[in-house]
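Breakdown of the fold
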Amino acid sequence: MKKGVTITILIFIAIVFFGALYYLYAKNQESPIVFETDKAEIKTIVKNTIATGNIVPDEEVLIKPNISGIIEAVYIKAGDKIKAGDLIAKIKVVANVSNLSNSQNQVQTTKINLDNQEKLFQRQKILFDKGVISANDFDAAQLAYNQAKQNYTASKQGFDIVKTGTSSGLGNYANTLIRSTVNGMVLDVPVKVGNQVIESNTFNEGTTIASVADVGRMIFVGKIDESEVGKIKEKLPIEITVGAIENKKFDAVLQYIAPKGKVENGAIQFEIKASMPNKDNTFIRAGLSANASIILEKAEKVLALKEALIQFDPKTQKPFVEVETGVKKFERRNVVLGVSDGIYVQIKSGVKASDKIKVWNQGLKPEAPKP
């Protein structure tokens, strides 16, 4: 019995011994692990946020008529360059029956009053010539007669305006001739010959005959999400990219941020506007879609590392890197970070351009076996 126990113990010891030898042998055959390294670079880092929108004129003027009627002629087309005072269209007036009747009655009333005042004037003139009445009485009669003539003339002009839209003596002020009020390019002519138009007044915006704008003064109008609006402020530089114009960026300056957001597709959006003072001579069509890269921070030609190389202390959350000091030896160094664009981050202090930084989270590379 004792002999069997002894043999079992010896066998167990032998198994453990040979197992330990095999483990040490297998471990010795494994290739040692080496870490990849990377170096800092000199880069320009830009931290930005993107807004989408359109390029529109800074000031777009809508030309509207001041009389209702039907378009008789259109003298311009979209794309034409015009000056203030240039003829745009001509309107044929369609008289309002009620207004026409009232004006006609006014003419008849003033004519009756004129005939009556003329008779009184002639009587007073005869009496004045005979010395029966004073000069004051004669002057009063003459004044009433002249006023009656003026009222009759004015009523006839009013009748002509209601009937035709113009009257003799008005010259270039005729309501039927629509002229441009500004210099610029015609962006759109939404009416055609034969279209009926409504005058612009207190109660009605009126029909737009043409829209005119200075295409040399274009701005970017876009929307930015509420999560980004707190990061921007007026006067920040912007780079505008227009989809229809390849390989070109336009410098702009943020001029306006809406104080109130609007709900669009379930998200709060804020309107922004940016001026483009240095658009050079490139012709940008109004309404083109564009993206605005709002530059929040910019660091030019600074020492930078890939953000993937940065580690953070689990307790203090302070950033650090591991710098190679020898073969398979690394030293921890605290670093001070600056501007980041999400891929590269500025290194203010802690490492030099010549330091080799441990790639701690991009996989391990086995050392090549020795021959």
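Notes on the structure in this doc start here.

Parameters and conventions
- Residues numbered from 1 in each chain as written.
- Predicted model: local features only at pLDDT ≥ 70, side-chain atom pairs only at ≥ 80, totals over all residues.
- Heavy atoms only, no water.
- Patch = residues over 30% accessible without salt bridge, like charges linked within 9 Å, V, L, I, M, F, W, Y side chains within 5 Å.
- Areas by Shrake-Rupley, 256 points an atom, 1.4 Å probe, with all protein chains shown as cover.
- Salt bridge = Lys/Arg side-chain N within 4 Å of Asp/Glu carboxyl O.
- Helix = DSSP H or I, 4+ residues; strand = E, 2+ residues; numbered from the N terminus.
- Buried < 20%, exposed > 50% of the residue type's maximum accessible area, 1.4 Å probe, protein only.
- Phe/Tyr/Trp six-rings, centres within 6.5 Å; stacked < 30°, edge-to-face > 60°.
- Pairing = 2+ DSSP bridges.
- Contact = heavy atoms within 4.5 Å.
- Polar contact = N/O pair within 3.5 Å; in protein donor to acceptor, adjacent residues only side chain to side chain.

A few points about a nonpolar patch on the surface
Together, Ile7, Ile11 and Ile15 give the surface a local cluster of nonpolar side chains, amounting to about 290 Å² of exposed area. With respect to the helices and strands, the residue Ile7 is situated in helix α1 (residues 2-29). In this structure Ile7 comes out as partly exposed when scored by relative accessible area, which is 43%.

Quick look at the packing of aromatic side chains
Overall, the coordinates contain three aromatic pairs when judged by the stated rule. For the pair Phe121 and Phe138, a centre-to-centre distance of 5.6 Å together with 35° between the ring planes defines the contact as tilted. Taken together, the positions of Phe121 in helix α2 (residues 97-129) and Phe138 in helix α3 (residues 135-164) put the pair 17 residues apart, joining distant regions of the chain. For the pair formed by Phe121 and Phe138, the shared burial category is buried. A centroid spacing of 5.2 Å and a plane angle of 10° characterise the contact between Phe121 and Tyr145, whose relative ring orientation is stacked. One end of the pair, Phe121, is in helix α2; the other, Tyr145, is in helix α3, and 24 residues separate them in sequence. No difference in accessibility class separates Phe121 from Tyr145, as the two residues are buried.

Comments concerning the pattern of salt bridges
Counted under the stated rule, the structure contains 14 salt bridges. For Glu264, the salt bridge goes to Lys223, with nearest N and O atoms at 2.5 Å. Of this pair, Glu264 sits in strand β15 (residues 262-264) while Lys223 sits in strand β12 (residues 218-225), and the two are 41 residues apart along the sequence. Taking relative accessible area as the criterion, Glu264 reaches 31% and is therefore assigned partly exposed. A salt bridge links Arg332 to Asp313; the shortest N-O distance between them is 2.9 Å. Placement of the pair is Arg332 in strand β20 (residues 329-334) and Asp313 in the loop between β18 (311-312) and β19 (319-326), with a sequence separation of 19 residues. Overall, the relative accessible area of 44% leaves Arg332 in the partly exposed class.

What to know about the environment of Leu177
Locating Leu177 in the fold gives a position in strand β8 (residues 177-179). Sequence spacing of Leu177 and Lys90 is 87 residues, and the spatial spacing of their C-alpha atoms is 4.7 Å.

Notes on the sheet that holds strand β10 (residues 196-197)
Spatially, four strands are ordered β8-β7-β5-β10 in an open sheet, and the strand pairing comes out antiparallel. At either end of the open sheet lies a strand with only one pairing partner, and these are β8 and β10. Two strands pair when backbone bridges link them, and strand β5 (residues 69-74) and β10 are joined in this way by two bridges, in the antiparallel orientation. Bridge pairing in β10 links Gly69 to Val197.

Examining the pairing of strand β3 (residues 41-57)
Pairing of β3 with strand β17 (residues 289-306) involves 13 bridges; the strand directions are antiparallel. Looking at the pairing, Asn54 lines up with Ser289 of β17. In this structure, β3 lies alongside β12, joined through six bridges in antiparallel fashion. Bridge assignment links Ile55 to a residue of β12, and that residue is Phe220.

Remarks on the environment of Met276
Within the secondary structure, Met276 sits in the loop between β16 (267-275) and β17. For the pair Met276 and Asp251, spaced 25 residues apart in the sequence, the C-alpha separation amounts to 6.4 Å. Leave out the neighbours within four places in its chain, and Met276 touches Ile55, Met218, Ile219, Phe220, Phe250, Asp251, Ala252 and Ile284.

Digging into the side chain of Thr110
Tracing the backbone shows Thr110 in helix α2. In terms of polar contacts, Thr110 uses its side chain to reach the side chain of Ser155, at 2.8 Å. Residues in contact with Thr110, not counting those within four places in the same chain, are Asn151, Tyr152 and Ser155.

Concerning the sheet that holds strand β9 (residues 184-188)
Spatially, the four strands line up as an open sheet ordered β4-β11-β9-β6, and their pairing is antiparallel. The open sheet has two edge strands, β4 (60-63) and β6 (81-82), and neither has a second partner. Note that β6 and β9 share two bridges and pair antiparallel. The partner of Lys81 across the bridge, within β9, is Met185.

A closer look at the environment of Val345
Looking at where Val345 falls in the secondary structure, it is placed in strand β22 (residues 344-349). Judged by its relative accessible area of 3%, Val345 is buried. On a C-alpha basis, the gap between Val345 and Ile45 in space is 7.4 Å, while along the polypeptide they are 300 residues apart. The contact partners of Val345, leaving out residues within four places of it in the chain, are Ile45, Leu303, Ala304, Leu305, Glu307, Ile310, Leu337, Gly338, Val339 and Ser340.

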